[in-house]
Amino acid sequence: MPRLATRIPLIGRDPELDTLRAALRRAREGQAGAVLLAGDAGVGKSRLLGELVAEADGVTVLSGRCLDVGEAGLPYLPFAEALGGQREAAKRWPVLGRLLPGLTPPEPADQTMERLRLFDAVHALLVDLAARGPVLLALEDLHWADASTRDLVLFLLSRLDTQRLLVVATYRTDDLHRRHPLRPLLAEVSRLPAVARIELAPLGAADTVAFVSALAEGALPDTTVHTVAERSEGNPFFCEELTAAVRRGATLPDGLAELLLARVERLSREAQRVVRAVSGAAQLVAHASLRAVCGLDEDTLESALREAVLHNVLVAAEDGYAFRHALLREAVYDDLLPGERVRLHAAFARLAEENGTAAALAHHSFRSHDLPTALAASVRAADQAAGMHAPGDALHHLEQALQLWEAVDGPERITGRDRLALLRSAAAMAVAAGEVDRAVTYARSAVTEADLRDDPEAAADTRHQLAIALIPFDLHRAEVSKVVAEAWELVRDRPASVVRARVLALRARAWVWGVPDVDVDELRGHVRQAIADARAAGAPEVEADGMVTLAAFEDWQGNVELSTRLGLAAAERAAEIGAVRVELRALHNVTCNLLVIGDLRGAARMAARVWQRAERAGLGWSDVGVEGRTSELFDRYVLGDWDTALDRAEVPGAPRFARARIGAYSAPILVAQGRFGEVEDLAARLADQRDDSRAGVVLGIALAEAAQWQGDAERAVAEIRTVIERLRELTRSSLADMRWAVATGVSALADLAEQARRRGADTGELVGQGAELAASGTPVTSLQVRLEERSPDTRAPTARIAAELNRLRGEDDPAAWAHAVEEAAPLPYWQLLARWRWAAALLAHGERDAAAEQVRLVRDAARELGARPLESAVADLARRGRLTTAGAAAPAGDVLTPRERSVLELVAGGLTNRQVGERLFISEKTASVHLSRIMAKLGAGSRAEAVSLAHQRGLLG
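Presented here is a report on the structure given in the accompanying data block. None of the values given here were measured: they were computed from a predicted structure. (Residues numbered from 1 in each chain as written. Predicted model: local features only at pLDDT ≥ 70, side-chain atom pairs only at ≥ 80, totals over all residues. Heavy atoms only, no water.)

## Observations concerning the pattern of salt bridges
Working step 1: Scanning the model with the defined rule gives 61 salt bridges in all.
Working step 2: In this structure, Arg21 and Glu55 form a salt bridge, with 2.8 Å as the shortest nitrogen-oxygen distance. Of this pair, Arg21 sits in helix 1 (residues 14-28) while Glu55 sits in helix 2 (residues 45-55), placing them 34 residues apart in sequence.
Working step 3: If you follow the salt bridges from partner to partner, you end up with Asp751, Glu754, Arg800, Glu804, Arg807 and Arg837 in one network. (Salt bridge = Lys/Arg side-chain N within 4 Å of Asp/Glu carboxyl O. Helix = DSSP H or I, 4+ residues; strand = E, 2+ residues; numbered from the N terminus.)

The structure is reproduced here in structure tokens:
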């Protein structure tokens, strides 16, 4: 029977091992890097990593593994395990006491800052170790990583530089379903230059036969070897298991689970008892713990463990025992009888209680039906997770506690909390984790719970929390207005307090949830009273929030420079007192000020500062963090900084709401690049998230633009009508978005009118539709006009609407387009679009030289940007107008580089990216990058379309 100790040579993995060796060599030389080692369960990831570790002479190897412990998770477990042997070095960073037993943890501090300190400390410790010698950090089974671990991995990988450090992380690809939380992280880190990815595929047919032959050691006939190789489908673990079964003379099991259990059933009764006990732990089990759970004497236990280890069911580690493979543990656990599971979990719960590990106690108590203990432990585990700045884990434990609340007697006595406190904590953790839907659900429940008590301030405060949770949806004006009014009535006649100050400060921001025709003097009175109450009650955070609102009012009065100075001062004050959300709101308002004065690059930098600060504080998916990201994406879109913007749009671990809103802002960029197929795919992926109307607005405009570029003006108009309906749903619709949408719709109608005139058809109905569409861009209030029409992102589409209406009526006016070009000056991409239309109007009026100059400007800039549809459109205009200065089309040899032509030829031959890489001696990732560039240059949305277009343009024989 094969044993792990048998040193069978590594078969079929030389290229992958060479890639790992090269990465480690570069790390030794001071070029830090990371390798993501992916593959199905049992494909050999751990074996390959083990080969690298075995060769890593003179390298400090730090190893940690994620465990499958259900949704509860164990925050930072692989890092705690990896750094467990570095306690002496870690003493320089007291915050690491939250990870490493034996170190004294620091006093509790602000949660958002403490999380950043922890991340910085882990990074600093690795840098310190790497300064002494090369370091290999091995993180296994990332598909089971908790949210906090994923965040820390991203933090570290994004900071790889000149350290002598290599990070190798493994994960199962077959576990990554479409919504697996690891997927966004992989998408983000794969774009980092220091990160490489190895996809460990099943062994090829020949290598599988060679591997099975080595396992069989000549004991099996060739026909059986080939049968096992075929049945295993190239999975080395299946090969091992099937070969072992056949060598015992057993028939091949029908399913892997049966095969795995067959190995366990060969063990003695005592060994099986131990193996079943280990399966209930779902993690490494210490020897003493096993003895307590199994109830065996020392000699019997050691004999049983030795048998399980020798038969490759368990493996012995320094601190205990675990299954050789997770699939084996899963099979054994699933085979346990219900009563057996309950007894095992009860035993592990007793151990967890003795050891003070609340998360494990909550898990095992729940599984053993000890609901009172599970409830108390869940609350403690939530507190611990919150203290470690893992809001997603804290939310899970709070939800379990709330689930158990009605199932036990005396829950307040058991937990030391009341239900209202748990509901409010759950709402707060949901907001911090970006789970806005759940935040609203818990906040509404908290309001209901508070109303059962005779406590006006509690009732008012829960309403304040609910309003804050509802505002990001932009759909709940009536409900927000109602709960804010109710909150004020509850505290109106009460003395100054923190709650009263909060409610007043929120009342002063009534425009945020779309209250029309607000009285600025009345709002200013609210905020001044809020500041006075805050000072009286000792609430500096509310006072700083009031300063932010006063700064916004200065902007309303046209004092943009003063508003910016006050906003930055408020942000500084908020940062001093740790009021992160107030700081972020102040910086976001400064971003808006920079947009108003046309400083788009400054606005983009400030928006990036907002979301990066939010991310460091653990609030990356909060409403203001997401707003910072989308603001930067839009700014970079109109600036033409598309590569940066698309990188930003890949968000790791984003919850549903944030993923939809941020992802939608990549759509206009994809359209501008001519990647229409990707826009359709994006729309399909976000189809189940259309409850976010603002995301639907941006995505709908992009779909309309894509349809128009592709010549389907009717579909473009239909998309815009849907967008306008969505804008009308919003409690605080954006005038800029409305004008952008209307400009796109009127432009599509003008295209239809031009087509109708060429046919000699009447255009009266189309002109009427255009006038109706333009009227829908009229703002609701005079305040909205005064505030938003100052911004270039509103002025530019407004000027474009006027020019497009002329074109729609058949009166294309160069002067109107010249004005549109001028208004779009701060928005380079939109200015190019206006210049293209200006050139067409000039040509129609016989001003050929002026038209040719505009064509040249647009052509050169569009080519540099990679704006394929615009470049094609202006080239078509030059051809139709016979404007020779526009230049001829580039020769085929100038379109693609020699390497890109080689890649395209192989793709045309049906090769995959992996096969292309093997043929050209480049990595699969590099082949994929080349193909993406080819598709962008050709304006193709798929591999097949790229090949087809290349044939049409003579780029392929």
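## Remarks on the packing of helix 29 (residues 580-596) against helix 31 (residues 623-639)
Packed helix pairs are specified by the crossing angle of their axes together with the interaxial distance, meaning the distance between the axes.
Working step 1: It is the contact of helix 29 with helix 31, at a shortest axis distance of 10 Å, that shows an interaxial angle of 20°. Classified by the interaxial angle, the pair formed by helix 29 and helix 31 is roughly parallel. Both helix 29 and helix 31 take part in a crossing whose hand is left-handed. Where helix 29 approaches helix 31, its residues Arg581, Leu584, Arg585, His588 and Leu595 are matched on the opposing element by Asp623, Val624, Glu627, Ser631 and Asp635.
Working step 2: Here the contact of helix 29 with helix 31 is composed, by residue class, of 3 nonpolar, 2 polar and 5 charged. (Axes fitted to C-alpha atoms, helices over the stretch in contact; angles between N-to-C directions. Parallel < 35°, antiparallel > 145°, perpendicular 65-115°, else oblique. Left-handed = near helix turned anticlockwise from the far one by under 90°. Contact = heavy atoms within 4.5 Å. Nonpolar A, V, L, I, M, F, W, Y, C, P; charged D, E, K, R; others polar.)

## What about helix 47 (residues 898-908)?
What sets the pattern is the α-helix's 3.6 residues per turn: residues three or four places apart point alike.
Working step 1: If you check which residues of helix 47 are buried, you get Glu900, Val903, Leu904, Leu906 and Val907. Buried residues in helix 47, looked at end-on, bunch into an arc of 165°, giving them a common side.
Working step 2: Phi turns positive one or two residues past the end of helix 47, at Gly910, with a value near 95°. (Buried < 20%, exposed > 50% of the residue type's maximum accessible area, 1.4 Å probe, protein only. Arc of directions from axis to C-beta.)

## A word on the packing of aromatic side chains
Working step 1: In this structure the tally under the stated criterion is 13 aromatic pairs.
Working step 2: Taken together, the ring pairs in this structure connect Phe634, Tyr637, Trp642, Trp740, Tyr829 and Trp830 into an aromatic cluster.
Working step 3: We note Arg341 situated over the ring of Tyr333; from NZ or CZ to the ring centre the distance is 4.8 Å.
Working step 4: Here the guanidinium or amino end of Arg629 rests over the ring plane of Trp611, the centre of that ring lying 3.9 Å away. (Phe/Tyr/Trp six-rings, centres within 6.5 Å; stacked < 30°, edge-to-face > 60°. Lys NZ or Arg CZ within 6 Å of the ring centre and 35° of its normal.)

## Details of the sheet that holds strand 1 (residues 33-39)
Working step 1: Spatially, the 5 strands line up as an open sheet ordered 2-3-4-1-5, and their pairing is parallel. The sheet is open, and its two borders are formed by strand 2 (60-65) and strand 5 (195-200), each paired with just one other strand. Here the strands of the sheet are splayed against their neighbours by 15° on average, with no regard to which way each runs.
Working step 2: Judged from the 6 bridges that link them, strand 2 and strand 3 (residues 135-140) form a sheet pairing that is parallel. Looking at strand 3, one finds that Thr60 is bridged to Val135.
Working step 3: In this fold helix 2 packs onto strand 1, strand 2, strand 3, strand 4 (165-172) and strand 5, with an angle of close to 165° to the strand it touches most, strand 4. (Pairing = 2+ DSSP bridges.)

## Some details on the pairing of strand 6 (residues 314-317)
Working step 1: With 4 bridges connecting them, strand 6 and strand 7 (residues 320-323) associate as antiparallel partners. Residue pairing in the sheet places Val315 in a bridge with Ala322 of strand 7.
Working step 2: Hairpin connection, strand 6 to strand 7: the antiparallel pair is bridged by 2 residues.

## Regarding unusual backbone geometry
Working step 1: A positive phi angle is found at His369, which is not glycine, with a value near 65°.
Working step 2: The residue His369 is located in the loop between helix 17 (358-367) and helix 18 (371-387) in this model.
Working step 3: The backbone of Arg882 shows a phi angle near 55°, a positive value even though the residue is not glycine.
Working step 4: Structurally, the position occupied by Arg882 is in the loop between helix 45 (868-881) and helix 46 (892-895).
Working step 5: A relative accessible area of 69% places Arg882 in the exposed class.

## A look at the packing of helix 1 against helix 2
Working step 1: Relative to each other, helix 1 and helix 2 sit at 40°, their axes nearing to 10 Å. The angle between the axes of helix 1 and helix 2 places the two elements in the oblique class. The element helix 1 and its partner helix 2 pack so that their crossing is right-handed. Contact residues: Glu16, Leu17, Leu20, Arg21, Leu24 and Arg28 in helix 1; Leu48, Glu51, Leu52 and Glu55 in helix 2.
Working step 2: Among the residues making up the contact of helix 1 with helix 2, the classes are represented as 5 nonpolar, no polar and 5 charged.

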